[in-house]
Amino acid sequence: MIRTSNNEIESFLRQFHIDKGDMVMIHADLRMFGLLENNGNDFLKILKASVGDSGTLITPSFTFSFPSEFDLRNTRSTTGAIGNLFRRDLSVYRVPDGMTSYYILGEKAEELISNWSNSSYGIGSIPDQFVKLGGKVLQLGTEILSLVHLLEEYVIVPYRENKRFEGTIRDGEKIFNS
């Protein structure tokens, strides 16, 4: 089995020019690294150190919850281990979208969420804001990239349609309907 040390992860990120102040969207299947040092618990810490206090990290935390209740704090992401690493971070923000939510850490987290248009991929969506702010994509071990859907929105492909999903969103004691 492959084993990957924290030093190797840090070197890997430097090779891809993940730098202080960057906004990075991570799509990852951490299995590509095999057995990560400390069971992968340091992976997010290494990412945060790479972008520093002035950077921002984003990863999908899709749940496709609706019409069931979507709990911002407790509904687990279905997009893999990296989302669950984000979820455990006490400083994480989560986009209140019961279908295609994102976890966001760092300087621009509040701004991105306050400017969010309630769209998964349209104008003002998290992916749209990310692109307009010059974000970098870190795609590791997966062919899945949610930005493809943003491009489909931009060029108005004939096979996509806007669809409204309704459900209940819980944020601590606050409950609201979408």
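Data block above holds the structure.
Definitions and limits used
Residues numbered from 1 in each chain as written. Predicted model: local features only at pLDDT ≥ 70, side-chain atom pairs only at ≥ 80, totals over all residues. Heavy atoms only, no water. Helix = DSSP H or I, 4+ residues; strand = E, 2+ residues; numbered from the N terminus. Rg over C-alpha atoms; globule rule 2.2 N^0.38 Å. Buried < 20%, exposed > 50% of the residue type's maximum accessible area, 1.4 Å probe, protein only. Contact = heavy atoms within 4.5 Å. Areas by Shrake-Rupley, 256 points an atom, 1.4 Å probe, with all protein chains shown as cover. Lys, Arg positive; Asp, Glu negative; His and termini not counted. Charge placed at Lys NZ, Arg CZ, Asp CG, Glu CD. Pairing = 2+ DSSP bridges. Axes fitted to C-alpha atoms, helices over the stretch in contact; angles between N-to-C directions. Left-handed = near helix turned anticlockwise from the far one by under 90°. Nonpolar A, V, L, I, M, F, W, Y, C, P; charged D, E, K, R; others polar. Polar contact = N/O pair within 3.5 Å; in protein donor to acceptor, adjacent residues only side chain to side chain.

Novice: What am I meant to see in the overall build of the protein chain here?
Specialist: Counting its secondary structure elements, the protein chain contains six helices and ten strands. Taken over C-alpha atoms, the radius of gyration comes to 16 Å for the protein chain, in line with the 16 Å a tight globule of 178 residues would show. Each of the three principal axes of the protein chain carries a C-alpha extent, and together these read 45 × 40 × 30 Å. Residues classed as buried in the protein chain amount to 46% of the 178 residues present. Here the analysis covers contacts within the protein chain between residues at least 6 apart in sequence; of these, 62% occur between residues at least 24 apart. Accessible area for the protein chain stands at about 9,900 Å²; split by element, carbon and sulfur atoms hold 51% of it. Here the protein chain holds 19 positive side-chain charges and 23 negative ones, and the gap between their average locations is 3 Å.

Novice: Where do I start with the environment of His149 in this structure?
Specialist: As for its position among the elements, His149 is in helix H6 (residues 147-155). Through-space distance from the C-alpha of His149 to that of Thr59 is 15 Å; in sequence the pair is 90 residues apart. Those residues in contact with His149 that sit more than four places away from it in its chain are Tyr121 and Arg160.

Novice: I keep staring at the sheet that holds strand S10 (residues 174-177) and nothing clicks. Help me out?
Specialist: Adjacent strands of a sheet pair through backbone hydrogen bonds, lying either parallel or antiparallel. Across the sheet, which stays open at both edges, the three strands sit in the order S5-S9-S10 with mixed pairing between neighbours. Every other strand in the sheet has two partners, leaving strand S5 (70-71) and S10 as the edge strands with one partner each. Here two bridges tie S5 to strand S9 (residues 168-171), and the two strands are oriented parallel to one another. In the strand pairing of S9, Phe70 is matched with Ile169.

Novice: In this structure, what is going on with the pairing of S10? I would like to understand it.
Specialist: For a regular strand, side chains alternate in direction, first toward one face of the sheet and then toward the other. The sheet contact formed by S9 and S10 spans four bridges and is antiparallel. Looking at S10, one finds that Arg170 is bridged to Ile175. Linkage of S9 to S10, two consecutive antiparallel strands, is achieved through a turn of two residues, within which Gly172 is found at a positive phi near 65°.

Novice: Honestly, the packing of helix H1 (residues 6-15) against helix H2 (residues 43-51) in this entry has me stumped. Any pointers?
Specialist: Two elements in contact, H1 and H2, have axes whose closest approach is 10 Å; the angle formed by their N-to-C orientations is 35°. Pair H1 / H2 crosses with right-handed handedness. From H1, Asn6, Ile9, Glu10 and Leu13 reach across to H2, where they touch Phe43, Ile46, Leu47 and Ser50. Residues belonging to the contact of H1 with H2 are distributed by class as follows: five nonpolar, two polar and one charged.

Novice: Would you mind showing me how to read the side chain of Ser146 here?
Specialist: Locating Ser146 in the fold gives a position in the loop between strand S8 (136-140) and H6. A polar atom in the side chain of Ser146 sits 3.2 Å from the side chain of Tyr102. Those residues in contact with Ser146, other than ones at most four positions away along the chain, are Met25, His27, Phe62, Tyr102 and Tyr121.

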